[in-house]
Amino acid sequence: MASATAPTTLSLLPTTKSSSGQSVAPSPSRVQLSSFLGARPLRRLGFASADPLLAVQVASKVRSVSGRGMRVVSMAKKSVGDLSAAELKGKKVFVRADLNVPLDDNQNITDDTRIRAAIPTIKHLIQNGAKVILSSHLGRPKGVTPKYSLAPLVPRLSELIGIEVIKAEDSIGPEVEKLVASLPDGGVLLLENVRFYKEEEKNDPEHAKKLAALADLYVNDAFGTAHRAHASTEGVTKYLKPSVAGFLLQKELDYLVGAVSTPKRPFAAIVGGSKVSSKIGVIESLLEKVDILLLGGGMIFTFYKAQGLSVGSSLVEEDKLELATTLIAKAKAKGVSLLLPSDVVIADKFAPDANSQIVPASAIPDGWMGLDIGPDSIKTFNDALDTTKTVIWNGPMGVFEFDKFAVGTEAIAKKLADLSGKGVTTIIGGGDSVAAVEKVGVADVMSHISTGGGASLELLEGKELPGVLALDEAVPVAV
Ligand SMILES: Nc1ncnc2c1ncn2[C@@H]1O[C@H](COP(=O)(O)OP(=O)(O)OP(=O)(O)O)[C@@H](O)[C@H]1O
Ligand SMILES: O=C(O)[C@H](O)COP(=O)(O)O
């Protein structure tokens, strides 16, 4: 790649500085702190604080908040860890997991992350003598479709759990009932793809009743599907009590809600991906919480154009120019330091073998498109990230599927790995950024890698997830 003229710094909005020189933002108000969805005690995550209000359970529904110094009643979701051994021993437990893993043409699992993530809950249940009725969807089948059968998952599941998992050919009906009846304590029965019934996605109550009839209690560990109100994620909770959260679901909420709503500061968000339109909700929500916002990916060209720059043939959403201007103004008003890349890697076509060069963001020639952030931007972003204590990342910095344009995304992944090693909380918010982190081989060192794409986006947008809302509330904790 040929480097062009020296990059200029573009649109770096002022940062509020503390006396130590670090960027800071006003602490969120107590009511704000209490207004997010959530689950577990922050103490467990190292969020212990001298301020008891920061150490409360992040509430799924805070019912009573009226001001400084008062008692806050927290209503976290009940967890599988809250159930006693006696409540589990010999019980039939319907576990909804998200085992929607990618399979190749030969039905081999190409990424088993979601299976591995489901194991702690399953093991906990079998170690406590429960009978596990495990269910999931795979893909988006229209009716019974053999290529979406869960059968290819059985060997890996058995290997990871350490016992032979039995596989049912259906998710309801007499054959399943027979298998459930013969399931020993500590056994695992995997139901067939719940989406083979159209009633699943319709959240049909009669269908939910049939699923519920298989078991004594319900555990939802399917974070990746918690944004769907389906029979096995939401409907079933009306007929099975208790209905509690699994360990994975809890951990996702701990990080994507807990760590994001009461972060160690300075707190930065990195948002990339293709379009600003798909990230508006996330950006607006994060602007309420972060000190620093770094933007990359295809969406930056809409921001550039809104600022009067020429963007060549880069991806631009013409109908979002005004929105981009508004978001920049919002960041400024809130004292959030918004950083747009100062230089970009441009290509003469959208292809892995395109000719490329590095240019300042203000100098993209006609006929060329920006496909990655440039070296100067990487340095600026890295310097900003060096000041942080919590970072959340959603969306790649460029077209990382093409090696030539993966440099910016990989540099961010490496930077976050480095920061993680220094005690910074690093959260990867699902989707393509997770793929990028895995490609670089640094997934294991991050504080949290979300198993949910759509679900993590919705949480970050501040939305409530039906699969979480439907669960039993924990015993209120007064602090
Ligand atoms: N400059 C760019 N021009 C065009 N496309 C880009 C650019 N930068 C990144 N992309 C594309 O954006 C896509 C990812 O965007 P998306 O918004 O889907 O991210 P994500 O939120 O991480 O993923 P998911 O939607 O799976 O959760 C990638 O396929 C990448 O190639
Ligand atoms: O892969 C996912 O994001 C989840 O498994 C949810 O799948 P869905 O988008 O088909 O509901």
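Analysis parameters
Residues numbered from 1 in each chain as written. Chains lettered and ligands numbered in written order. Predicted model: local features only at pLDDT ≥ 70, side-chain atom pairs only at ≥ 80, totals over all residues. Heavy atoms only, no water. Helix = DSSP H or I, 4+ residues; strand = E, 2+ residues; numbered from the N terminus. Buried < 20%, exposed > 50% of the residue type's maximum accessible area, 1.4 Å probe, protein only. Contact = heavy atoms within 4.5 Å. Areas by Shrake-Rupley, 256 points an atom, 1.4 Å probe, with all protein chains shown as cover. Expected span 1.5 Å × (residues − 1). Bend = angle between axes of the 7 residues up to and from the residue. Near = heavy atom within 4 Å. Polar contact = N/O pair within 3.5 Å; in protein donor to acceptor, adjacent residues only side chain to side chain. Pairing = 2+ DSSP bridges. Axes fitted to C-alpha atoms, helices over the stretch in contact; angles between N-to-C directions. Salt bridge = Lys/Arg side-chain N within 4 Å of Asp/Glu carboxyl O. Nonpolar A, V, L, I, M, F, W, Y, C, P; charged D, E, K, R; others polar.

A. Spatial organisation of the overall build of the protein. Across its full length, the protein holds 16 helices and 18 strands. Among the 479 residues that make up the protein, the fraction classed as buried is 56%. Counted over contacts in the protein with a minimum sequence separation of 6, partners at least 24 positions apart contribute 73%. Summed over its atoms, the accessible surface of the protein is roughly 18,700 Å², and 53% of this surface lies on carbon and sulfur atoms.

B. The arrangement of helix α3 (residues 113-127) in detail. The end-to-end C-alpha distance of α3 is 22 Å, a good match for the 21 Å that 15 residues give at a rise of 1.5 Å each. Its maximal kink placed at Ile119, α3 deviates by approximately 35 degrees, while the proline Pro120 follows within four residues. Every buried residue of α3 is accounted for by Arg114, Ile115, Ala117, Ala118, Ile119, Thr121, Ile122, His124, Leu125 and Ile126. Two residues or fewer after α3 comes Gly129, characterised by a positive phi angle close to 80 degrees.

C. Representation of the site of ligand 2. Near ligand 2 the following residues occur: Asp98, Asn100, Arg114, His137, Arg140, Arg195, Gly224 and Arg228. Here His137 contributes a side-chain N or O atom positioned 3.0 Å from an oxygen atom of ligand 2. A distance of 2.6 Å separates an oxygen atom of ligand 2 from a polar atom in the side chain of Arg228. Computed on the free molecule, ligand 2 has an accessible area of 310 Å², of which 84% lies beneath the protein chains in the complex.

D. Representation of the sheet that holds strand β10 (residues 292-295). Spatial strand order, β11-β10-β9-β15-β16-β17: 6 strands in an open sheet with parallel pairing. In the strand order of this sheet, the two ends are held by β11 (337-339) and β17 (448-449), each with one partner. Where β10 and β11 come together, 3 bridges link them in parallel fashion. Directly across from Leu294, in β11, lies its bridge partner Leu339. Against the sheet, helix α8 (residues 247-261) touches β9 (267-271), β15 (390-394), β16 (425-428) and β17, its axis set at about 115 degrees to β16.

E. Examining the pairing of strand β14 (residues 369-373) more closely. Taking burial as the measure, the 5 residues of β14 include 5 buried ones, the bulk of the element. Pairing of strand β12 (residues 343-347) with β14 involves 4 bridges; the strand directions are antiparallel. Its bridge partner being in β14, Ile346 is matched across the sheet by Gly370.

F. The arrangement of the pattern of salt bridges in detail. Tallied over the full model, the rule gives 25 salt bridges. We note a salt bridge from Asp418 to Lys415, for which the minimum N-O separation is 3.6 Å. Of this pair, Asp418 and Lys415 both sit in helix α13 (residues 407-421), 3 residues apart, which is roughly one turn of that helix. The exposure class of Lys415 is buried, given its relative accessible area of 11%. Put simply, Asp418 and Lys422 hold a salt bridge, and the shortest N to O gap is 3.4 Å. Exposure remark for Asp418: the relative accessible area of 33% places this residue in the partly exposed category. Since its relative accessible area comes to 57%, Lys422 is described here as exposed. Put simply, Asp112, Arg116, Arg156 and Glu159 are held in one network by salt bridges that share partners.

G. Quick look at the sheet that holds strand β7 (residues 217-220). Taking strand neighbours across the sheet as the criterion, the 6 strands line up as β5-β6-β4-β3-β7-β8 in an open arrangement whose pairing is parallel. In this open sheet, the two edge strands, each paired with only one partner strand, are β5 (166-167) and β8 (243-245). Taken together, the 5 bridges between strand β3 (residues 92-96) and strand β4 (residues 131-135) define a ladder with parallel strand orientation. Residue pairing in the sheet places Val95 in a bridge with Leu134 of β4.

H. Local environment of the site of ligand 1. Lining the immediate environment of ligand 1, one finds 19 residues, of which Ser274, Lys279, Gly370, Glu401 and Asp432 sit closest. Backbone polar atom of Gly298 to a nitrogen atom of ligand 1: 3.2 Å apart, as the coordinates give it. Interatomic distance of 3.0 Å between a backbone N/O atom of Asp432 and an oxygen atom of ligand 1. The fraction of the free accessible surface of ligand 1 (640 Å²) that becomes covered by protein chains is 79%. Residue composition of the shell around ligand 1, by class: 5 nonpolar, 11 polar and 3 charged.

I. Broad picture of the environment of Leu294. As for its position among the elements, Leu294 is in strand β10. Residue classification places Leu294 among the buried residues on the basis of a relative accessible area of 0%. Sequence separation of Leu294 and Thr380 is 86 residues, and the distance between their C-alpha atoms is 9.8 Å. For Leu294, the residues in contact, after removing those within four places along its chain, are Ala269, Ile270, Val271, Leu339, Phe381, Ala384 and Leu385.

Interpretation in functional terms is not warranted from these geometric data alone.
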